[in-house]
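So you can see what is in the structure, the chains are spelled out below.
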Amino acid sequence: MAAVCKDDVEILKPRTDKREYRRIVLTNSLQVLLISDPETDKCAAAMDVDVGSFSDPDGLEGLAHFLEHMLFYASEKYPLEDSYSKYIAEHGGSTNAFTASESTNFHFDVNTDGFEEALDRFAQFFIKPLMSPDATTREIKAVDSENKKNLLSDGWRMGQLQRHISMEGHPYHKFSTGNWDTLEVRPKAKGVDTRQVLLKFYEENYSANLMHLVVYSKESLDKIQSLVQDKFQEIRNSNRSFMSFPGQPCSSEHLQILVRAVPIKEGNKLRIVWPITPAIRYYKEGPCRYLGHLIGHEGEGSLFYILKKLGWATGLYAGQGDGTLEFSFFQVVIDLTDAGHDHMQNIVGLLFKCIQLLQQSGVCKWIFDELSAVCETDFHYQDKVHPIDYVVNIALKMRMYPPKDWLVGSSMPSNFNQGIIQMVLNELSPDKVRIFWVSKKFGGCTDMVEPWYGTAYSIEKVTTSRIQEWMSLAPNENLHLPAPNIFIPTDLSLKDPEEKIKYPVLLRKSSYSRVWYKPDTMFSSPKAYVKIDFNCPYASNSPEAQVLTLIFARLVMDYLNEYAYYAEVAGLYYVISNAESGFKVTLDGYNHKLRILLETVVDKIAKFEVKPDRFSVIKERVTQDYQNLKFQKPYHQAMYYCSLLLEDNLWPWMEELEVLPNIKAEDLAKFVPMMLSRAFLECYMAGNIECAEAESMIEHVEDIFFKSSNPICQPLFPSQHLTNRVVKLERGMNYFYSKEGLNPSDENSALLYYFQVHRDDIMLNVKLQLFALIAKQPAFHQLRSVEQLGYITFLQQRNDSGIRGLQFIIQSTVKGPEYIDLRVQAFLQMFETQVYKMTHDEFKSNVNALIDMKLEKHKNLWEESWFYWREIADGTLKFDRIEAEVAALRQLTQPELIDFFDEYIKVGAPQKRTLSIRVVGNEHLAEYKAAKSEVVQPGEIEDIFSFRKSLPLYGSFRGGAGHLKL
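Throughout, a residue's number is its position along its own chain's written sequence, starting from 1. Residue-level local features of this predicted model are given only where pLDDT is at least 70; pairs of side-chain atoms are given and counted only at 80 or more, and the full residue set underlies all totals for whole chains, interfaces and linings. Where side-chain values are given, they derive from all heavy atoms of the structure, hydrogens and water being excluded.

### Regarding the overall build of the protein chain
Working step 1: Counting secondary structure elements, the protein chain contains 32 helices and 27 strands.
Working step 2: Relative to a compact globule of 966 residues, whose C-alpha radius of gyration would be 30 Å, the protein chain shows 29 Å and is just as compact.
Working step 3: Buried residues in the protein chain amount to 59% of all 966 residues.
Working step 4: Of all intrachain contacts in the protein chain linking residues separated by at least 6 positions in sequence, the fraction that spans at least 24 positions is 83%.
Working step 5: Accessible area for the protein chain stands at about 37,700 Å²; split by element, carbon and sulfur atoms hold 51% of it.
Working step 6: Neither His nor the chain termini are counted; the positive set is Lys and Arg, and the negative set is Asp and Glu. To locate a charge, take atom NZ for lysine, CZ for arginine, CG for aspartate or CD for glutamate. Taking the 106 positively charged and 127 negatively charged side chains of the protein chain as two groups, their mean positions are separated by 1 Å. Every helix listed is a DSSP run of H or I at least four residues long, and every strand listed is a run of E at least two residues long, numbered separately from the N terminus. Only the C-alpha atoms count toward the radius of gyration. The rule for a globule is 2.2 Å times the residue count to the power 0.38. When a residue's accessible area, from a 1.4 Å probe over protein chains only, is under 20% of the maximum for its type it is buried; when over 50% it is exposed; and in between it is partly exposed. Here, two residues are considered to be in contact whenever any of their heavy atoms come within 4.5 Å of each other. Throughout, the Shrake-Rupley method with a 1.4 Å probe supplies accessible areas, and for residues the shown protein chains are the sole cover considered.

Following this line, the structure appears as structure tokens:
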């Protein structure tokens, strides 16, 4: 059967993109985009099906999402349960799916040699899946566990609240995830068999004419085309018409409202939302992008600039919110300070004054043209991303845009149309507004509860005249439009590196700094990456110092915000962040004006002074961030305790929170000169930068800090170079640390089961990595799919400053961590036979898959820089690590892998070093307390710091004088 070719459509692609594209339509009406990239080392595919949670039958909320889960299990052609995921994992790939309102997206990537069979297995999802009764019951539990992990997440809660306050007859109102109640209990009570409805839902909706497929491979387009025809033409086409859901979700009773809602986390938020004409209809004119750019601007004279100056806001976003082809929302989200919370009416008044300013100024062509030029540059010079992300992104666009715009979507507004922008601007009016005001201060003052997540809220009407009154009472500030952007790059030429440098080279070294340099030889992109790590011993020698350093970094960024925002709009980003031993400045983006930004940032650090009003705003925000750590997911808490137990120089955040209230502006004013008084700069410069430029940038930084008549910094003494030491667990010991979850409302428990293996060593690394690859999917299958312990279940490698290990992480409401610990050990016992009975071919196939994964090239400058920076930060400096590990893998024998397993992993192995972190949720608290013995058990850790002090430490790769001698 021939495919109907439609490759005459020219698809707009970036100028720098060497890949080839072709659109075809199969005889069953399946639309396909083929992508040929001879350079790729991973192949990928994504299928987007035009049916989502809006199509859930009444009384079976979450059915579309549940179906998405079920298609992974098995098919008529490949009936072995979970064999699809197993095949992908064994061939170095990954797989996932998600359910949106109007579509469901399935995707995978895999090493090139496994692609053809992976694609065949993937196609079976849409041809003849098997949904066994047993798997159906088990997987409802997975959906329920997925929902339970979201119950205490403010993002999910507030999203559902917005949906809840809409017309009941509109699908926007629905609950989309599903849970045990909606998929098992309620249907059963009505005599409905969920599985039968599931099969019917699949039959009715999964039709080829409602599907869009993207296939990314290194083969030629013709070869990919014949592969796709062969695998996908059997998908049934029942000519199902596209389900459309016309009409706006909000009637007049859902507009002109002020909703007060109580969040889980600390912090105040204001979300102002308007229903607007669906933005997708005018994607070339970009009305939402234009208005979002101006309302969300942060430069001098902008709404955010004024709110920040008044001490009322710490963040603002404006742009399109939820939307489909039929309806759309525009939203403005403002993070409020406590003072801002008290001035909510003034803030809403100022927002409407900002909208009034846009009305009075008229739509400005120069602003649209500038924005359009930035978008065009970003499109043509976009970084390559992983094929799996690329195909998902395109598959989502295929339903919404004509073929020529499948790659660009709405990212490049080019038609200036005053009328259309004006039309959407007119819709941002007081008579259509929905205001969601979120704060813990409303606790106990609300009278309604959202049914799915239990969010407490109340509603009142807000008339147009009331908003006009707020506008008249708002402070009289000088709101004005932004200035022309000086950071827009105009020189996008590529520098010619003098020599092709494969790895970073040490460009220069002095008592002040060490500069690593890596010119771009891979990406042909007019971008650069610069990182300067200020190693300051006084920045991390106490919990107070750690907190003061954090406030300092946040304040510098706060001072620079209105200036650096222009750079961000133009594609040049920077951040100042806390580091283990000081702070680091990172810049990345177009190289043309990067130096201007770097010099400004460095100057601001050198001339730092404390502005008391900004200090109190930042201190309030930092305090909230610390207080919110107790609302972290239990498995994140377990990961934190593991780091705290292992890393010798880590201060606990509880102590940092304890010192925060007493820190004053004058403390920071005294601290910063002291912190900077001794420093060493570890620098990495990469991308489209010449060697001389890199040197001169760092010379400039050194001049400012070290070489003035009254220098800000002195070099470090040899004894001050900082190390990163990790606790060395005792051989043959199984340590465990139990802790009640920090949020008493969270019923999830978590287990982290850690094996410490070795200090960075190429041969041991590859043994560990190979074992992790072989065990990853079987662990997921057994502990999640079969035993249904929890939605969050994974096995991964761990690397603490060059100390390597392995960890199982499981979060569960079903069982407590002690039980899960036993199940992990039971899995390892069961898995022993698989390790011992593996055939030589299976062993070789896994080794080759791991080699292919290692040889996968970095996709962009950021990814490459992150890889090399990790070597510098850890102090391991093995820039040729990949080549060395591949060579070691080629030498590795099967008996060596078995010996490794027997020594470090196997249950009862005499040399094994393990640490089990058990975070107990409220569901399992009673059982934990009842079982807790008065007597300390062997291996039980009672106090983290006594434990840390009682054990030896591994040697540090970083910080000795020897580390500086290369």
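From this point on, the discussion continues.
### What to know about helix α16 (residues 464-473)
Working step 1: Restricting attention to buried positions, one finds in α16 the residues Ile467, Trp470 and Met471. Looking down the long axis of α16, one finds its buried residues gathered within 100° of arc, a one-sided arrangement. Turned more than 90 degrees away from the buried face of α16 sit Ser472 and Leu473, all of them exposed. Along the arc lie the directions from the helix axis toward the C-beta atoms.

### Let's talk about the UniProt feature "domain: Coenzyme PQQ synthesis protein F-like C-terminal lobe" (unreviewed entry) in the protein chain
Working step 1: UniProt positions are given in the numbering used here, feature names are shortened, and annotations may be inferred rather than shown by experiment. UniProt records the feature "domain: Coenzyme PQQ synthesis protein F-like C-terminal lobe" (unreviewed entry) for residues 770-869 in the present numbering.
Working step 2: Within the segment residues 770-869, helix and strand shares are 62% and 19% respectively, and the terminal C-alpha atoms sit 24 Å apart.

### Side note on the pairing of strand β11 (residues 268-276)
Regular strands place their side chains on alternate faces of the sheet.
Working step 1: Of all nine residues that make up β11, seven are buried, and the element is covered over most of its length.
Working step 2: Two elements, β11 and strand β13 (residues 328-336), share nine bridges in a ladder whose sense is antiparallel. Bridge pairing in β13 places tryptophan 274 opposite phenylalanine 330.
Working step 3: Only when DSSP finds a minimum of two bridges between them are two strands counted as paired. Both β11 and strand β14 (residues 434-438) contribute to a ladder of five bridges, which runs antiparallel. Counted as the bridge partner of arginine 271 is phenylalanine 436 from β14.

### Observations concerning the layout of surface pockets
Rolling a probe over the atoms, with the probe sized like a water molecule, indicates the empty space that remains.
Working step 1: Each cavity reported here is a set of points on a 1 Å grid over the protein atoms alone in which a 1.4 Å probe fits but cannot get out, each pocket an open set with protein on both sides within 12 Å along at least five of seven lines, and each lining residue one with an atom within 4 Å of a point. Grid points are joined across faces, edges and corners, and a volume is the space filled by probe spheres set on the points. Approximately 680 Å³ is the volume attributed to the largest pocket.
Working step 2: In this structure, the largest pocket is lined by 27 residues; those nearest its centre are Glu39, Lys384, Met522, Phe523 and Lys859.
Working step 3: Class assignment of the residues belonging to the lining of the largest pocket gives a composition of ten nonpolar, seven polar and ten charged.
Working step 4: Roughly 310 Å³ of volume is contained in the second largest pocket.
Working step 5: Lys502, Met522, His858, Tyr868 and Glu883 are, among the 17 residues lining the second largest pocket, the residues nearest its centre.
Working step 6: Those elements giving two or more residues to the lining of the second largest pocket turn out to be α27 (861-874) and α28 (881-891).
Working step 7: When residues of the lining of the second largest pocket are assigned to their parent elements, the largest contribution, three residues, is made by α27.
Working step 8: Residues that form the lining of the second largest pocket fall into these classes: eight nonpolar, two polar and seven charged. Amino acids outside the nonpolar list (Ala, Val, Leu, Ile, Met, Phe, Trp, Tyr, Cys, Pro) and the charged list (Asp, Glu, Lys, Arg) are all regarded as polar, and Gly is one of them.

### Some words on the packing of helix α24 (residues 762-786) against helix α26 (residues 840-854)
Working step 1: Running from N to C, α24 and α26 cross one another at 110°; their axes reach a closest spacing of 10 Å. Considered as vectors, α24 and α26 are oriented roughly perpendicular to each other. From α24, Val766, Gln769, Leu770, Leu773 and Ile774 reach across to α26, where they touch Phe843, Asn846, Val847, Ala849, Leu850, Met853 and Lys854.
Working step 2: Its residues assigned to classes, the contact of α24 with α26 comprises nine nonpolar, two polar and one charged. All axes are obtained by fitting lines to C-alpha atoms, using only the stretch in contact for helices, and the reported angles, taken between N-to-C directions, cover 0 to 180 degrees. Here the word oblique covers every angle except those under 35 degrees (roughly parallel), over 145 (roughly antiparallel) and from 65 to 115 (roughly perpendicular).

### Digging into the sheet that holds strand β15 (residues 448-449)
Working step 1: Here seven strands make up an open sheet; going across it, the order is β12-β13-β11-β14-β10-β16-β15 and the pairing mixed. Looking along the sheet, the strands with just one partner apiece sit at the ends: β12 (313-323) and β15.

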